[in-house]
Amino acid sequence: VADVFRKGPGHELRSGSTYGGHTVACAATLANIAYIEDNNLVEQAAEKGEYMRQKLESLKKHSIVGEVRGIGMLRAVELMAERDKRKKLDPKLGVGNFIRRWCWDNGMILRNNGEILVIAPALIITNAEIDMIVDLLDQALSVAGKYFNF
């Protein structure tokens, strides 16, 4: 079978390319756009993102929580040694990695960039699921505070 495609130019298997207007990829893209528009996911992301921001701000009760930032459903919580002075944690401590591991062990996948915890849930997340995320982060921060003596 492979020999058919090795005869030379014009005999190769043409299955489409990244920017070649592949019909299956185009159909999938159009279906995704229709779903996003039909279900108002952009507006929901803005609304739920604000809800999530407010919930994440409540984590500032922990002394190591510095800035909460982001837009829509992409948020970050920066961990700091001293929030008021914007003093960074010593990266050798591995606090962000500790929290990421604790979350993993307790059923939540969390990405961190060193001492920055990144929250980027699906656009279809519910407020109850946001509450669950923030609750787990709250617990992880409490455990980290005890472990690192913050």
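Data block above holds the structure.
Before going into details, it helps to say that this report is about the structure given with it. Values in this document were obtained by computation on a predicted structure and should not be read as measured data. (Residues numbered from 1 in each chain as written. Predicted model: local features only at pLDDT ≥ 70, side-chain atom pairs only at ≥ 80, totals over all residues. Heavy atoms only, no water.)

**Let's talk about helix H5 (residues 127–148)**
Logical step 1: If you check H5, its first and last C-alpha atoms are 31 Å apart, about what 22 residues at 1.5 Å a residue would give, namely 32 Å.
Logical step 2: Among all positions of H5, only Ile130, Ile133, Val134, Leu136, Leu137, Asp138, Ala140, Leu141, Ala144, Gly145 and Phe148 are buried.
Logical step 3: Buried-residue contacts for H5 involve helix H3 (41–57), strand E1 (65–71), strand E2 (74–82), helix H4 (95–105) and strand E5 (116–119).
Logical step 4: Phi turns positive, to about 65 degrees, at Asn149, one or two residues after H5. (Helix = DSSP H or I, 4+ residues; strand = E, 2+ residues; numbered from the N terminus. Expected span 1.5 Å × (residues − 1). Buried < 20%, exposed > 50% of the residue type's maximum accessible area, 1.4 Å probe, protein only. Contact = heavy atoms within 4.5 Å.)

**Brief notes about H3**
Logical step 1: Between its first and last C-alpha atoms H3 spans 23 Å; for 17 residues at 1.5 Å apiece the expected length is 24 Å, and the two agree.
Logical step 2: Buried within H3 are the following residues: Leu41, Ala45, Lys48, Gly49, Met52 and Leu56. What you see down the axis of H3 is that its buried residues fit within an arc of 115 degrees, all on one side. Opposite its buried face, H3 presents the exposed residues Glu43 and Glu47, each directed more than 90 degrees away.
Logical step 3: Looking at the buried residues of H3, the elements they touch are helix H2 (23–38), E1, E2, E5 and H5. (Arc of directions from axis to C-beta.)

**Structural notes on the side chain of Arg75**
Logical step 1: Following the sequence through the fold, Arg75 ends up in strand E2.
Logical step 2: The side chain of Arg75 sits in the buried core without any salt bridge; Glu50 is the nearest counter-charge, 4.8 Å away.
Logical step 3: Here the side chain of Arg75 touches Gly49 through a polar contact of 3.3 Å, landing on its backbone oxygen.
Logical step 4: Beyond its immediate stretch of four places on either side in the chain, Arg75 contacts Gly49, Glu50, Met52, Arg53, Leu56, Arg69, Gly70, Leu117, Val118 and Ile119. (Lys, Arg positive; Asp, Glu negative; His and termini not counted. Salt bridge = Lys/Arg side-chain N within 4 Å of Asp/Glu carboxyl O. Polar contact = N/O pair within 3.5 Å; in protein donor to acceptor, adjacent residues only side chain to side chain.)

**Details of the environment of Tyr51**
Logical step 1: Inspection of the secondary structure puts Tyr51 in helix H3.
Logical step 2: Given a relative accessible area of 22%, Tyr51 falls into the partly exposed group.
Logical step 3: Taking the C-alpha atoms as reference points, Tyr51 and Asn127, 76 residues apart in sequence, are found 7.6 Å from one another.
Logical step 4: If we skip the residues at most four places from it in the chain, Tyr51 touches Asn127, Ile130 and Asp131.

**With respect to the packing of H4 against H5**
Logical step 1: Axis separation between H4 and H5 bottoms out at 9 Å; the angle between their running directions is 130 degrees. Compared by their axis directions, H4 and H5 come out oblique. Of the two possible hands of crossing, H4 and H5 adopt the one that is right-handed. Across the interface between the two elements, Val95, Phe98, Ile99, Trp102 and Cys103 from H4 touch Leu136, Leu137, Gln139, Ala140, Leu141, Val143, Ala144, Tyr147 and Phe148 from H5.
Logical step 2: The residue makeup of the contact of H4 with H5, split by class, is 13 nonpolar, one polar and no charged. (Axes fitted to C-alpha atoms, helices over the stretch in contact; angles between N-to-C directions. Parallel < 35°, antiparallel > 145°, perpendicular 65-115°, else oblique. Left-handed = near helix turned anticlockwise from the far one by under 90°. Nonpolar A, V, L, I, M, F, W, Y, C, P; charged D, E, K, R; others polar.)

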